[in-house]
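As a plain string of letters, each chain reads:
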Amino acid sequence: MGSRTLRTSRPITIRRAEARDARRLTRIVRGSGAYEGKYAAAVAGYRVGPDYIEAHRVFAAVGSDEQGDRILGFYSLVLAPPELDLLFVADEAQGRGIGRLLVTHMRSEARAAGLDRVKVVSHCPAEGFYHRAGAVRTGTAPANPPAVPWDRPEFEFRFSPE
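Scope of this entry: the structure provided in the associated data block.

Definitions and limits used
Starting afresh in each chain, residues are numbered from 1 along the sequence in its written order. Restriction of local features to residues with pLDDT of at least 70 applies here, the model being predicted, together with a cutoff of 80 or more for giving and counting side-chain atom pairs; totals for whole chains, interfaces and linings are based on all residues. Excluding hydrogens and water, the side-chain figures rest on all heavy atoms present in the structure. Runs of H or I in DSSP of at least four residues are treated as helices and runs of E of at least two as strands, each being numbered from the N terminus. Both definitions apply: the radius of gyration is a C-alpha atom measure, and the globule rule equals 2.2 Å times residues to the power 0.38. Relative accessibility thresholds used throughout: buried, under 20% of the residue-type maximum; exposed, over 50%; partly exposed, between the two (1.4 Å probe, protein chains only). In these tables, accessible area is a Shrake-Rupley quantity obtained with a 1.4 Å probe, and a residue counts as shielded only by the protein chains included in the view. Counted as positive: Lys and Arg. Counted as negative: Asp and Glu. His and the chain ends are not counted at all. To locate a charge, take atom NZ for lysine, CZ for arginine, CG for aspartate or CD for glutamate. Throughout, nonpolar core names a set of buried Ala, Val, Leu, Ile, Met, Phe, Trp, Tyr and Cys residues whose side chains join them through atoms within 4.5 Å. We call two residues contacting when some pair of their heavy atoms lies within 4.5 Å. The term salt bridge refers to a pairing of a side-chain nitrogen on Lys or Arg with a carboxyl oxygen on Asp or Glu at a separation within 4 Å.

Topic: the overall build of the protein chain
Looking only at helices and strands, the protein chain has four helices and seven strands in total. When the elements of the protein chain are put in sequence order from the N terminus, they spell out β-α-α-β-β-β-α-β-α-β-β. Relative to the globule expectation of 15 Å for 162 residues, the C-alpha radius of gyration of the protein chain, 15 Å, shows essentially globular dimensions. Across its three principal directions, the C-alpha atoms of the protein chain cover 45 × 40 × 30 Å. Counting all 162 residues of the protein chain, 42% fall into the buried class. For the protein chain, the computed accessible surface area is about 8,500 Å², with 49% contributed by carbon and sulfur atoms. Averaging the coordinates of the 24 positive side-chain charges in the protein chain and doing the same for the 19 negative ones gives two points 2 Å apart.

Laid out in structure tokens, this is it:
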């Protein structure tokens, strides 16, 4: 993706993702600059399908620009076992607080579901983001070749259920 910054005219809202969003979510994953170089193979064939969206709590951050509503990022919360399975912000929308907004929303959803913690197996370049967002490092997930041939940091978001 290019280095242009997306400007929106409305505040960013978060809504439940729908099956029709699957291709856009997949493009955000596959186009992520964090997965370039040695990390590219991890997302090259990755697909966020309509079946995945319907089976999990997937939420999209949406903003508007001159071309209409656009999905700027998304996350997926799996309840059993509790895990933040995916969290991506489109490259052109990064640096605007969308990742933090998604984490805040995820925490609220998790608490409402009665969870007191949510695990995250982080992509190595995202480790600093999760630390700044309040997650606590709990360990290291070992490499899982050939899909993921490197160790990954594990985190937890901890909180009191509502």
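That was the structure; now back to the text.
Some details on the nonpolar core
Counting 44 residues, the largest nonpolar core has Phe 74, Leu 84, Met 106 and Phe 157 as its most contacted members. Of all the secondary structure elements, the ones that give two or more residues to this core are helix 1 (22–30), helix 2 (50–55), strand 2 (57–65), strand 3 (68–79), strand 4 (82–89), helix 3 (98–112), strand 5 (117–121) and strand 7 (152–158). Once residues lying within four places of it in the same chain are set aside, the contact partners of Met 106 are Tyr 75, Leu 77, Leu 84, Val 118 and Phe 157.

Focus on the environment of Gly 134
On the secondary structure map, Gly 134 appears in the loop between helix 4 (127–132) and strand 6 (136–141). For Gly 134, a relative accessible area of 43% translates into the label partly exposed. The sequence separation of Gly 134 and Arg 100 amounts to 34 residues, and the corresponding C-alpha distance is 9.8 Å. Gly 134 has contacts with Arg 107 and Phe 157, leaving out every residue within four places of it along the chain.

Brief notes about the pattern of salt bridges
By the definition in use, this model includes 10 salt bridges. Note that Lys 119 and Glu 154 form a salt bridge whose closest N and O atoms lie 3.7 Å from each other. Remark: Glu 154 occurs in strand 7 and Lys 119 occurs in strand 5; sequence separation between them is 35 residues. Via salt bridges that share partners, Asp 116, Arg 117, Glu 156 and Arg 158 belong to a single interconnected network.

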